[in-house]
Amino acid sequence: MRVAIIGAGLSGLSCALELERYNIKPVIFEKRAHAGEALDFSVVWPIIMNRAITDPLKYLKKEYNLELAPLNHIKKIIMYSPSSKSVERGSLGYIFIRGFPDYALEKQLLSYVKSPIIFNRYIELEDMRNKFDFIVVATSNSIIASNLDMWTDTFIAHARIATIVGKFNPTEIIMWLNTEYAKNGFCYLVPKSDKEACLVQIVNGITRNELDYYWKRFLLVENIQYYISFTADAEHECGFVRQRQKDNIMFTGNSAGFTDDLIGCGSLNAIESGMLAARAIVSGEDYNALSMPI
């Protein structure tokens, strides 16, 4: 069986890993020169007792035989709104790093995958449709779905990702909710170590040029005085595909519009959707139905 995967991010690598377990070796095409995200940033997988997936790590091990190592366990979450502060303590979840480090989520998945990855290769879907039995779209954007008239936008989110230096508790994260500087988005601080952290602002309903203003308001209102060693901006399309499988094409991760609870930034559902696409290919089941729960 010939399977092509477009994108060597979380969902693409997860799909490849699961296919390999059934002796199917896909070909992975990646437009960048490396696997995974172009930026380093932190994400959080929470343990939420009243959700279907209580503990994400135990869930992935049980359902997909996938073991991943978090950077740290979360023992404290502080949440600020304009008028209140909430503190939660306990076994609250896991911190992961995305991007370039050897312990990043992408690198952990990459260490399991044996299939060939063709880097620096931009793929046109029409050039591939008749060459492969299945094509798994695992890109970080909606371009392919939009070209097929299958994508519906909900909103565009602009993000500023900063690396800050100071003193941090590696097991403590902070979140801010305030429409003055984040609108319907949010800001968060997640430590990478006791000396470095990731500070992120996500704002909806603005232009890229307005992000500077909202960033300065955030730093001023919340009195953020850490030394900022690096910043980068990103744009994220939020939306969904009307069908996650159409003919022999399957959409996973961001290309399907999957998101996560809290500040996972789609990483957990990216992994699961990739695994489910692979199982649909192997079993002949309907991927639309398999992926409906997520």
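Keep in mind the model is a prediction, meaning the values are calculated, not measured.

Asks: Can you walk me through the overall build of the protein chain in this structure?
Replies: Looking only at helices and strands, the protein chain has eight helices and 14 strands in total. Taking 294 residues into account, the globule formula puts the C-alpha radius of gyration at 19 Å, and the protein chain, at 19 Å, falls close to it. Dimensions along the principal axes, computed over C-alpha positions, put the protein chain at roughly 55 × 40 × 35 Å. Across the 294 residues of the protein chain, 53% fall into the buried class. Partitioning the intrachain contacts of the protein chain with sequence separation of at least 6 by distance along the chain shows that 69% fall at a separation of at least 24. Working note: accessible area of the protein chain is about 13800 Å², and carbon and sulfur atoms make up 50% of it. Averaging the locations of the 31 positively and 33 negatively charged side chains of the protein chain gives two centres separated by 4 Å.

Asks: I would appreciate a short explanation of the sheet that holds strand 10 (residues 186–191) in the present structure.
Replies: Either a parallel or an antiparallel arrangement is found when strands of a sheet pair, and the pairing is made through backbone hydrogen bonds. Strand order in this open sheet of eight strands is 3-5-4-9-10-11-8-12, and the pairing throughout is mixed. What marks the edges here is a single partner per strand, and that holds for strand 3 (41–46) and strand 12 (227–241). Sheet twist, expressed as the mean angle between neighbouring strand axes with direction ignored, is 30°. In this structure, strand 10 lies alongside strand 11 (residues 196–204), joined through six bridges in antiparallel fashion. Residue pairing across strands places cysteine 187 opposite glutamine 201, the latter belonging to strand 11. The sheet strands contacting helix 6 (residues 211–221) are strand 8 (151–165), strand 9 (172–176), strand 10, strand 11 and strand 12, and the helix crosses strand 11 at an angle near 125°.

Asks: Where do I start with the sheet that holds strand 2 (residues 27–29) in this structure?
Replies: Spatially, 6-2-1-7-14-13 is the arrangement adopted by the six strands of the open sheet, whose pairing is mixed. Taken across any chain shown, the strands that pair with only one partner, and hence form the sheet edges, are strand 6 (117–118) and strand 13 (245–246). In terms of strand pairing, strand 2 meets strand 6 through two bridges, oriented parallel. Opposite phenylalanine 29, over in strand 6, you have isoleucine 118 as the bridge partner.

Asks: Any chance you could explain the environment of proline 101 here in plain terms?
Replies: With respect to the helices and strands, proline 101 occurs in the loop between strand 5 (85–98) and helix 3 (105–112). Through-space distance from the C-alpha of proline 101 to that of asparagine 169 is 20 Å; in sequence the pair is 68 residues apart. Beyond its immediate chain neighbours, meaning those up to four positions away, proline 101 contacts Asp40 and Lys107.

Asks: Help me understand the side chain of glutamate 172, please; the structure alone is not making it clear to me.
Replies: For glutamate 172, the position within the fold is in strand 9. According to the relative accessible area criterion, glutamate 172 is buried, its value standing at 18%. When neighbours within four sequence positions are excluded, glutamate 172 is seen to be in contact with Lys76, Ile78 and Pro191.

Asks: I would appreciate a short explanation of the nonpolar core in the present structure.
Replies: Soluble globular proteins tend to pack their nonpolar side chains together in the buried interior. In terms of nonpolar packing, the biggest core is built from 78 residues, with Ile5, Trp45, Leu66, Leu68, Tyr188, Phe251 and Ile271 touching the most fellow members. In terms of residues, this core owes the most to one element, helix 7 (residues 267–283), which gives nine residues. Leaving out residues up to four positions away in the same chain, phenylalanine 251 has contacts with Val137, Ile144, Ala145, Leu148, Met150, Val241, Gln243, Arg244, Ala256, Phe258 and Tyr287. Counting 16 residues, the second-largest nonpolar core is a separate cluster that includes Ile164, Ile174, Cys187 and Leu199.

Asks: What is the right way to look at helix 6 in this model?
Replies: Residues that lie three or four places apart on an α-helix share one face, since the helix turns once every 3.6 residues. Along helix 6, the residues classified as buried are Leu211, Tyr214, Trp215, Phe218 and Leu219. Down the axis, helix 6 shows its buried residues gathered within 135° of arc, on one side only. Helix 6 presents Lys216 and Leu220 as exposed residues on the side facing more than 90 degrees away from its buried surface. At the exit of helix 6 stands asparagine 223, carrying a positive phi of roughly 55°.

The rules we used
Residues numbered from 1 in each chain as written. Predicted model: local features only at pLDDT ≥ 70, side-chain atom pairs only at ≥ 80, totals over all residues. Heavy atoms only, no water. Helix = DSSP H or I, 4+ residues; strand = E, 2+ residues; numbered from the N terminus. Rg over C-alpha atoms; globule rule 2.2 N^0.38 Å. Buried < 20%, exposed > 50% of the residue type's maximum accessible area, 1.4 Å probe, protein only. Contact = heavy atoms within 4.5 Å. Areas by Shrake-Rupley, 256 points an atom, 1.4 Å probe, with all protein chains shown as cover. Lys, Arg positive; Asp, Glu negative; His and termini not counted. Charge placed at Lys NZ, Arg CZ, Asp CG, Glu CD. Pairing = 2+ DSSP bridges. Axes fitted to C-alpha atoms, helices over the stretch in contact; angles between N-to-C directions. Core = buried A, V, L, I, M, F, W, Y, C linked by side-chain atoms within 4.5 Å. Arc of directions from axis to C-beta.

These figures come from the coordinates and say nothing about function on their own.
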